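Spelled out from the first residue to the last, the chains are:
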Amino acid sequence: MSTASSNDIWAVAQSPWLWVCALVVFAVIGVQSWIYIRAARAAGEDVGISRRDLNRAFRSGAAASVGPSLAVVLVAIALLTLFGTPAVLMRIGLVGSAATETASATIAASSMGADLGGPAWTQEVFVVAFFAMCVSGGAWMLFTLIFTPILKRGSRRIARVNPRAMAIIPGSALLAAFMALTITELPKSGIHVIAVLVSGASMAAMMWLARRFDLGWLKEWALGLAIIIALAVIYVVHHGYLG
């Protein structure tokens, strides 16, 4: 406890125990992913989905994860100087919400009169902030564990009443989530508006080309390519390479 007020965060952030915990977390994620893939293949065969369609679905999922994962990785790199590699891998790498984890750490640090990375960012504050991040993520997972079966029963009842509703509701929820995230970004600056317009136009153009020329691979990679195109355009605009 005599060193709790020290600003040498790395003595705690790079603890071997944290590295062990981070490796265990990713090992669990790897095992879970392997189990889910095997279960998906078995279920697909039972309902008559061909191995080719399953592989296409896996590729589509991998391509669709590029954009959200890239955003998390960029933020995680910025947070390495505050929390260290093991903590970032355990929390942001597991939960995937850099905003949520950072908000939890900020609230915990402010309750002790400190700011993230500020002069009062000591080992004691780091431990409290990291603990708050873990509790926040744990509550998130517990909430999912409890309410997923309840929502599943509700979806079954809706499906019995109107099967088409279950085809509309998930897509509408996903669209609403992306719209909510997009709307919060638009007022920030003109660069944000350009990013939304370019990514949306790129996505629409690629989907039209995919349908027009029957390009199945383009549908799989459309989301990732749209994000990359938007990032490239924003980089050029931001640095004024267009004159």
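The structure this text deals with has already been given above.
Predicted model, so just to flag it, every value in this text is computed and none were measured.

Parameters and conventions
Residues numbered from 1 in each chain as written. Predicted model: local features only at pLDDT ≥ 70, side-chain atom pairs only at ≥ 80, totals over all residues. Heavy atoms only, no water. Helix = DSSP H or I, 4+ residues; strand = E, 2+ residues; numbered from the N terminus. Buried < 20%, exposed > 50% of the residue type's maximum accessible area, 1.4 Å probe, protein only. Patch = residues over 30% accessible without salt bridge, like charges linked within 9 Å, V, L, I, M, F, W, Y side chains within 5 Å. Areas by Shrake-Rupley, 256 points an atom, 1.4 Å probe, with all protein chains shown as cover. Salt bridge = Lys/Arg side-chain N within 4 Å of Asp/Glu carboxyl O. Lys, Arg positive; Asp, Glu negative; His and termini not counted. Charge placed at Lys NZ, Arg CZ, Asp CG, Glu CD. Phe/Tyr/Trp six-rings, centres within 6.5 Å; stacked < 30°, edge-to-face > 60°. Lys NZ or Arg CZ within 6 Å of the ring centre and 35° of its normal.

(A) Representation of unusual backbone geometry within the structure. The backbone of Asp214 shows a phi angle near 55°, a positive value even though the residue is not glycine. Topologically, Asp214 is positioned in the loop between helix H9 (190-212) and helix H10 (216-238). Judged by its relative accessible area of 69%, Asp214 falls in the exposed class.

(B) Layout of a positive patch on the surface. Side chains of Lys152, Arg153, Arg156, Arg157 and Arg160 sit close together on the surface and give a patch of like positive charge. Here Lys152 shows up in helix H7 (residues 123-161). We classify Lys152 as partly exposed; its relative accessible area is 48%.

(C) Fine view of the packing of aromatic side chains. Using the criterion set out here, one finds five aromatic pairs in the structure. Consider the rings of Trp121 and Phe126, whose centres lie 6.1 Å apart with planes at 85°: the pair is edge-to-face. Like Phe126, Trp121 is buried. Between Phe143 and Phe147, the ring centres sit 4.3 Å apart and the planes meet at 25°, which makes this aromatic pair stacked. Here Phe143 and its partner Phe147 are both found in helix H7, four residues apart, which amounts to about one turn of the helix. Taken together, the ring pairs connect Phe83, Trp121, Phe126 and Phe130 into an aromatic cluster. Sitting above the plane of the Phe213 ring, Arg212 keeps its charged end 5.3 Å from the centroid.

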